[in-house]
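One letter stands for each residue in the lines below.
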Amino acid sequence: QVQLVESGGGLVQPGGSLTLSCVASGSIFRLKPNVMGWYRQAPGKQRELVATITSGGTTNYADSVKGRFTISGDNAKNTVGLQMNSLRPEDTAVYYCNWRPGGAKSPLDYWGQGTQVTVSS
């Protein structure tokens, strides 16, 4: 069964931290190279890139999260994490895990169900 399961969302005060995790289940996710990432969608807005990491370790971040968020991947365990520090109210959104077995140009494109992150006092 092909599945991405996210965890770690919740409510946090401005300036706080959260860690998101995503576990990929299914043999397809062992395919290399791959690109793992996190996207988010706030109410009334389009889904946007937060950060990506390749199986080779190359990372990419949205300008709005650089210096505050850190993405990490474990190819052996098929997991990808997102450490979020110095959270702001504008970071409030549903966060989605994304996995592209075969690389950025692969037609294979999988999404998790999303986890809510709310930053509010």
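Fair warning: this is a prediction, and the values are worked out from it, not measured in the lab. (Residues numbered from 1 in each chain as written. Predicted model: local features only at pLDDT ≥ 70, side-chain atom pairs only at ≥ 80, totals over all residues. Heavy atoms only, no water.)

Asks: When you look at the sheet that holds strand β1 (residues 3-7) in this model, what are you seeing that I'm missing?
Replies: Within a beta sheet, neighbouring strands are joined by backbone hydrogen bonds and run either parallel or antiparallel to one another. Spatial ordering of the open sheet is given by β1-β3-β8-β7, a layout of four strands whose pairing is antiparallel. Every interior strand has two partners, whereas the edge strands, β1 and β7 (69-74), have only one. Within this sheet the neighbouring strands show an average axis-to-axis angle of 15°, counted without direction. The sheet contact formed by β1 and strand β3 (residues 18-25) spans five bridges and is antiparallel. Among the inter-strand pairings, serine 7 is bridged to a residue of β3, identified as serine 21. (Pairing = 2+ DSSP bridges. Helix = DSSP H or I, 4+ residues; strand = E, 2+ residues; numbered from the N terminus. Axes fitted to C-alpha atoms, helices over the stretch in contact; angles between N-to-C directions.)

Asks: Just checking my understanding: could you explain unusual backbone geometry for this structure?
Replies: Leaving glycine out, the prevailing phi sign among residues is negative, and the prevailing peptide bond configuration is trans. For the bond running from lysine 32 to proline 33, omega is 0°, close enough to zero to count as cis. Assignment of secondary structure puts proline 33 in the loop between β3 and β4 (34-41). Notably, asparagine 78 is not glycine yet its phi reads approximately 55°, a positive angle. A positive phi is found at serine 86, a non-glycine position, where the angle reads about 50°. For serine 86, the location among the structural elements is in the loop between β8 (79-84) and β9 (93-101).

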